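Each chain, letter by letter, is given below.
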Amino acid sequence: MTQSDQAEMGPSKPTREPHAAADSTATAGNSTRRQFLKSGTGALAAAAGAGAGVVQAETSPLPIPPTNKQLGRGVVTTAYGMPSKFEADVIRRNVEWLTPDTMASISFTPLQDLHGIVTPAGVHFERHHAGAVDVDPAEHVLAIHGMVDRPMKFTVDDLKRMPSHTAFHFLECPANGAMEWRGVQMESVQFTHGMIACSEWTGVRLSTLMELVGVDPASTWFYAEGADGAGLQRSVPLPGAKDQFGKPLSDFDQNNIHKDVMVCYAQNGEALRAENGYPIRLLVPGCEANMSIKWLRRLKFADKPLVTYQETRHYTEVTNDGKIRQFSLVNEASSVITYPSPGHALSGPGFHEIRGLAWSGRGKITGVDVSIDGGRNWETASLVEPVMNKCLTRFTFPFNWDGAEHLIMSRAIDETGYVQPTLTQLREARGTNTIYHKNSIQAWHIAETGEVSNVQVS
Ligand SMILES: Nc1nc2c(c(=O)[nH]1)N[C@H]1C(S)=C(S)[C@@H](COP(=O)(O)O)O[C@H]1N2
Ligand SMILES: [Mo]
């Protein structure tokens, strides 16, 4: 019987070997051990050697748990699987005072409890302007018209027959961090940064659809509209785009935004969730999520922006000199430490892996620095593969906590060389009126008790 057979069939012997987490290093040859110590996790081994940290010496045999002595539940064949009952706390949450009702509301992703880069659909934040709707895929139609040779209508099945495209991308509401902008310090990364999620998306590339309908080369914008009560509508720039006053958008906006745009029908291997736009949504990777229109029903090609309610009343930024920053579409590079973060408490001095997420709407993350002394010194964190375009990137940093107070923070750098700003730098550039696009460095305070809290560091 192989080891894996045994694992599937349960233990053949009633007693088990004691669990010694450091076993692998103890039995490894000297050179491997030396290599291991030199690597990032060397700090863990060093901490264990010093008798501090997460690795406890364990010599007595493990007691046999009741689960070893009985049959488990049978296989459930009809229900959609749910997380373990011990994970019941890992849920979306909202902030009651933030919105007057649940139709125009926000729920936040529990970033403090997630691992890796994929957000399970069941905890993907939700933002609706007029409530979520149930759209029947058999009835739903997407119209593509305007400056095109052949206006066309597509059923959901039509879209699924076409050449498909799959990519991992994050989706971030530009109001992520808005409460912090206003000086309200929320004691959870779920509320400071939880209007972000990252999924594997599948659908049809915009370029495929553009080719099919024959978009007029003079078209420099398209509008997208949703089938919900808000009929949410946004303009998305194409190469050559100018604002309504004839001023060209930045080179980046003109040349890069449209490239990754897709009409999605799937999220993390299954159909989109109703709350995320079932049966189809637009995805404008790297741009403020308001543009990723859910329950998508119309794309209209044009040669100017529509300047919709969503582009005037909302999603514009009043700067300090009273001027409006309009079409500030791209989510500039940002990052945040998710462990440890407010609500967590370090269980004791010794090794703790600092973990976090970094992202950029301009492309790939190329580096993340971590400071454990309030920004005086910075060290390079490890980026966890895969590192992808306009996608969340996980970073890790070995931290040997000495039991003293610390201010921990992270700083992201993207492939354009852009460095995540401090709050002071961001305020200097944008003023104090806006609530959008707060991508400044976030600091968490670790107290001597191990408790973690939110602090604003300029
Ligand atoms: N049709 C429609 N699309 C929409 C919205 C909406 O209310 N209606 N909300 C927008 C906003 S403001 C955001 S942040 C994202 C949120 O996407 P999610 O709910 O899938 O997280 O969807 C965008 N697309
Ligand atoms: Mo949003």
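Note: the structure precedes this text.
Quick caveat: nothing in here was measured; it's all calculated off a predicted structure.

Asker: Help me understand the overall build of the protein chain in this model?
Answerer: The number of helices and strands found in the protein chain is ten helices and 23 strands. Counting the 458 residues in the protein chain, one finds 48% classified as buried. Nonlocal contacts in the protein chain, meaning residues at least 24 apart in sequence, comprise 70% of its contacts between residues at least 6 apart. Put simply, the protein chain shows about 22400 Å² of open surface, and 52% of that area lies on carbon and sulfur atoms.

Asker: Quick question: what am I supposed to make of the site of ligand 1 here?
Answerer: F125, H129, D228, R281 and K294 are the nearest of the 21 residues found near ligand 1. In this structure, R127 approaches ligand 1 through a main-chain N or O atom, which is 3.0 Å from an oxygen atom. Within the backbone of S292, an N or O atom sits 3.1 Å from a nitrogen atom of ligand 1. For ligand 1, whose free accessible area comes to 530 Å², the fraction covered by protein is 100%. Sort the elements by how many residues they give to the shell around ligand 1 and strand β2 (residues 126-128) lands first, with three residues. Grouping the constituent residues of the shell around ligand 1 by class yields eight nonpolar, seven polar and six charged.

Asker: What exactly am I supposed to notice about the sheet that holds strand β23 (residues 452-455) here?
Answerer: Note on sheets: strands pair through backbone hydrogen bonds, and any given pair is parallel or antiparallel. The five strands lie next to each other as β18-β17-β21-β22-β23, forming an open sheet whose pairing is antiparallel. Because the sheet does not close on itself, it has two edges, and the strands there are β18 (379-380) and β23. As judged from the two bridges shared by strand β17 (residues 365-371) and β18, these two strands associate in the antiparallel manner. When the bridges of β18 are listed, D369 appears paired with T380.

Asker: Help me understand the sheet that holds strand β3 (residues 141-146) in this model?
Answerer: Strands sit in the order β4-β3-β12-β7-β8 across an open sheet of five strands; the sheet is mixed. Taken across any chain shown, the strands that pair with only one partner, and hence form the sheet edges, are β4 (152-155) and β8 (233-237). The sheet shows a mean angle of 20° between the axes of neighbouring strands, taken without regard to direction. With five bridges joining them, strand β7 (residues 221-226) and β8 adopt antiparallel strand pairing. Looking across to β8, one finds that Y223 is bridged to S235. Against the sheet, helix α8 (residues 206-213) contacts β3, β4, β7 and β12 (296-302), and its axis sits at roughly 135° relative to β4.

Asker: Mind showing me how you'd approach the pattern of salt bridges here?
Answerer: Once the charged atoms of two side chains with opposite charge are near each other, the side chains can pair. Using the criterion set out here, one finds 14 salt bridges in the structure. One salt bridge connects E126 with R92, and the closest N-O pair in it is separated by 3.4 Å. Taken as a pair, E126 in strand β2 and R92 in the loop between α4 (42-49) and β1 (105-107) lie far apart in primary sequence, 34 residues in all. For E126, a relative accessible area of 16% translates into the label buried. Between R298 and E225 there is a salt bridge, with its nearest N and O atoms 2.9 Å apart. With R298 in strand β12 and E225 in strand β7, the pair connects residues that are 73 residues apart, well separated along the chain.

Asker: Would you mind showing me how to read empty space enclosed by the protein here?
Answerer: In this approach a probe as big as a water molecule rolls over the atoms, and the regions it shows empty are the leftover space. Tallying each qualifying case throughout the model produces four cavities of 30 Å³ or more. When residues in the lining of the largest cavity are grouped by element, the largest group, three residues, is from β2. For the lining of the largest cavity, the per-class residue count stands at eight nonpolar, six polar and six charged.

The rules we used
By convention here, each chain's residues receive numbers from 1 onward along its written sequence. Written order determines the labels here, with chains lettered from A and ligands numbered from 1. Only residues with pLDDT of at least 70 get local features here, since the model is predicted, and only at 80 or more are side-chain atom pairs given and counted; chain-wide, interface and lining totals rely on the full set of residues. Side-chain numbers come from the whole structure's heavy atoms, not from hydrogens or water. Helix and strand definitions here come from DSSP, where helices need a minimum of 4 consecutive H or I residues and strands a minimum of 2 consecutive E residues; each element is numbered from the N-terminal end. Type-normalised accessible area, obtained with a 1.4 Å probe on protein chains alone, sets the label of each residue: buried when under 20%, exposed when over 50%, and partly exposed for intermediate values. Working rule for contacts: check all heavy atoms of both residues, and any pair within 4.5 Å makes them a contact. All accessibility values rest on the Shrake-Rupley procedure with a 1.4 Å probe; residue burial counts only the protein chains present in the view. Think of it this way: one heavy atom of a residue within 4 Å of a molecule or strand is enough to make that residue near it. Contacts described as polar in this section are N or O atom pairs within 3.5 Å, which, within protein, must combine one atom able to donate a hydrogen with one able to accept it, while residues neighboring in sequence count only if both atoms come from side chains. Three residue categories are used. Nonpolar comprises Ala, Val, Leu, Ile, Met, Phe, Trp, Tyr, Cys and Pro, charged comprises Asp, Glu, Lys and Arg, and polar comprises the others, including Gly. Pairs of strands are assigned from DSSP output, requiring at least two bridges between the strands. Helix axes are fitted only over the stretch in contact, all axes being lines through C-alpha atoms; the angle between N-to-C directions runs from 0 to 180 degrees. Whenever a carboxyl oxygen of Asp or Glu lies within 4 Å of a side-chain nitrogen of Lys or Arg, that contact is scored as a salt bridge. Cavity and pocket criteria rest on a 1 Å grid covering protein atoms alone: a 1.4 Å probe that fits but cannot get out defines a cavity, protein on both sides within 12 Å along at least 5 of 7 lines defines an open pocket, and an atom within 4 Å of a point defines a lining residue. Grid points are joined across faces, edges and corners, and a volume is the space filled by probe spheres set on the points.

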